[in-house]
Amino acid sequence: MSREIWEQAYQEKTDWWGRRPNHVLSDYQSLVPDGRVFDAGIGEGRNALFFAERGYAVEGVDLSATAVERCGQLAMANGWHVNASTADLRGYPLEEGQYALLIFSSILPFFHPEDISCIIEKAKKALQPGGLLYINVFDRDDPSRAKAEAACTHLDAHTFRNEATGMYHHYFSEEELASLLAPLSTIYWSSSRFLDLTHGEPHEHSTIEVLCQKEMDE
Ligand SMILES: C[S@@+](CC[C@H](N)C(=O)[O-])C[C@H]1O[C@@H](n2cnc3c(N)ncnc32)[C@H](O)[C@@H]1O
């Protein structure tokens, strides 16, 4: 069901999250080793295209066929290559030890905690030595939480399921994220509250954003 919700969103509007990559990814691009980049929930490709332009072999998946198609068109129009496909991240196999960078931009809060653990475990195994993992998530103070609490089934104190859409809404703590990401080393860790101007009416978010790295000798 959540597939239809995302698909409908992209059919109604283009450039949902803007064209600029997340600033942490562009600021630290020089640390990303040569190789393969995987973008989970690639959307219209703002992060994937940034790395494709810089010569990385970029692939990604998204539930929305419209988003994937738009990403492919933008890549082609610029002469870059992105291998984007329509698939559910939860069942998507990631080859172990193969990736220079894995991107999870604004996607993990939409999964059940058990799926989040499995996805992060799979991601840690998929990193090559020295490879980077980028994640941003909503934290427990995110203003959208009040709406989720009111409209959804409470699965635990910080996880909600919207029975009408089938979507999960999970709100992270810093301790939880640190434990999921261990033993990766931290390059960037930030907890912030900001006004989001990328889509819809201006609205506030409270997020945790992390860039971490697999040791060279793991
Ligand atoms: C908030 S958007 C973020 C898009 C993009 N990562 C960005 O930062 O611009 C979340 C994206 O995750 C995708 N998505 C949600 N659940 C998914 C799943 N189970 N498998 C693959 N993609 C999924 C949605 O279709 C949507 O494009």
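A few points on the structure. (Residues numbered from 1 in each chain as written. Predicted model: local features only at pLDDT ≥ 70, side-chain atom pairs only at ≥ 80, totals over all residues.)

**So, the pairing of strand S10 (residues 203-213)**
Applicable threshold: A strand pair is defined by DSSP finding two or more bridges across the two strands. Working definition: helices are DSSP H or I runs of at least four residues, strands are E runs of at least two. Numbering for both runs from the N terminus.
Bridge count for strand S5 (residues 127-138) against S10 is seven bridges, and the pairing is antiparallel. Bridge pairing in S10 links Phe138 to Thr207. In this structure, strand S9 (residues 185-196) lies alongside S10, joined through 11 bridges in antiparallel fashion. Looking at the pairing, Leu195 lines up with Glu204 of S10. The loop that links S9 with its antiparallel partner S10 comprises six residues; one of these, Gly200, has a positive phi angle of about 65°.

**Some thoughts on the sheet that holds strand S6 (residues 153-156)**
Condition: Axis lines are fitted to C-alpha atoms, over the contacting stretch for helices. Their N-to-C directions set the angle, which ranges from 0 to 180 degrees.
Pairing in this open sheet of three strands is antiparallel, and the strands run S6-S7-S8 from one edge to the other. The open sheet terminates on both sides in strands that have one partner only, identified here as S6 and strand S8 (167-170). Neighbour-to-neighbour, the strand axes of the sheet open up by a mean angle of 25°, direction not taken into account. Inspection of the sheet shows S6 paired to strand S7 (residues 159-162) by three bridges, in the antiparallel sense. Bridged to Thr153 within S7 is Arg161.

**Some thoughts on the nonpolar core**
What counts is decided by this rule: To form a nonpolar core, buried Ala, Val, Leu, Ile, Met, Phe, Trp, Tyr and Cys residues must be joined through C-beta atoms within 7 Å. Here exposure depends only on C-beta density: within 10 Å of a residue's C-beta, 20 or more other C-beta atoms make it buried, 12 or fewer make it exposed, and intermediate numbers make it partly exposed, the C-beta atoms being placed from the backbone. What counts as a contact here is a pair of residues whose C-beta atoms, placed from the backbone, lie within 7 Å.
Counting residues in hydrophobic clusters, the biggest one holds 56 residues, and the most contacted among them are Val37, Leu101, Leu102, Ile103, Leu133 and Tyr134. Considering every element that reaches this core, the biggest residue donor is S5, with seven residues. The residues touching Tyr134, leaving out its near neighbours within four places in the chain, are Val24, Leu25, Leu101, Ile103, Phe104, Ser105 and Leu211.

**Comments concerning the site of the ligand**
Here is the rule we go by: The rule is simple: place the C-beta atom from the backbone, and if it lies within 6 Å of a molecule or strand, the residue is near it. Each residue gets one label: Ala, Val, Leu, Ile, Met, Phe, Trp, Tyr, Cys and Pro are nonpolar, Asp, Glu, Lys and Arg are charged, and the others, such as Gly, are polar.
Close contacts around the ligand come from 17 residues, with Trp6, Trp17, Gly41, Gly43 and Ser105 the closest. When its residues are assigned to classes, the shell around the ligand shows eight nonpolar, five polar and four charged.

**Section: helix H3 (residues 46-53)**
Burial runs high along H3: seven of the eight residues are buried. Considered for burial, the residues of H3 that qualify are Arg46, Asn47, Ala48, Leu49, Phe50, Phe51 and Ala52. On its buried face, H3 is in contact with helix H2 (23-27), strand S1 (36-40), strand S2 (57-62), helix H4 (65-78), strand S3 (82-86) and strand S4 (99-105).

**Considering the packing of helix H1 (residues 2-12) against H4**
To keep things clear, this is the line we draw: Between 65 and 115 degrees an angle is taken as roughly perpendicular, under 35 as roughly parallel, over 145 as roughly antiparallel, and anywhere else as oblique.
Two elements in contact, H1 and H4, have axes separated by 7 Å at closest approach and are oriented at 50°. Compared by their axis directions, H1 and H4 come out oblique. Facing H1, whose interface residues are Glu7, Tyr10 and Gln11, H4 presents Ala65, Thr66 and Ala67. Taken together, the residues of the contact of H1 with H4 sort by class into three nonpolar, two polar and one charged.

**Some points on H4**
Note the threshold: Helix span is expected to be 1.5 Å times the residue number reduced by one.
Counted at 1.5 Å a residue, the expected span for H4 with its 14 residues is 20 Å, and the 20 Å between its end C-alpha atoms agrees. Residues of H4 that are buried in the fold lie against H1, H3, S2 and S3. Just beyond H4, the residue with positive phi is Gly79, at close to 75°.

**Some thoughts on the packing of H3 against H4**
As a reminder, the rule being used: Left-handed describes a crossing in which the near helix is turned anticlockwise from the far one by less than a right angle; the clockwise case is right-handed.
Viewed as axis vectors pointing N to C, H3 and H4 meet at an angle of 25°, and their least axial separation amounts to 10 Å. In terms of orientation, H3 lies roughly parallel with respect to H4. In this structure, H3 crosses over H4, and the sense of that crossing is right-handed. Every residue of H4 that contacts H3 at Ala48, Leu49, Ala52 and Glu53 is listed here: Cys71, Leu74, Ala75 and Asn78. Looking at the contact of H3 with H4, its residues break down into six nonpolar, one polar and one charged.

**Focus: the sheet that holds S4**
Spatially, seven strands are ordered S3-S2-S1-S4-S5-S10-S9 in an open sheet, and the strand pairing comes out mixed. One side of each edge strand has no neighbouring strand; the edge strands of this open sheet are S3 and S9. Strand-to-strand twist in this sheet, taken as the mean axis angle between neighbours without regard to direction, amounts to 10°. Examined bridge by bridge, S2 and S3 share five bridges and lie parallel to one another. Paired with Glu59 across the strands is Asn83, a residue of S3. In the packing of H3 onto the sheet, contacts are made with S1, S2, S3 and S4, and the angle to S2 comes to roughly 165°. Packed onto the sheet, helix H5 (residues 113-126) meets S4 and S5 and runs at close to 150° relative to S5.

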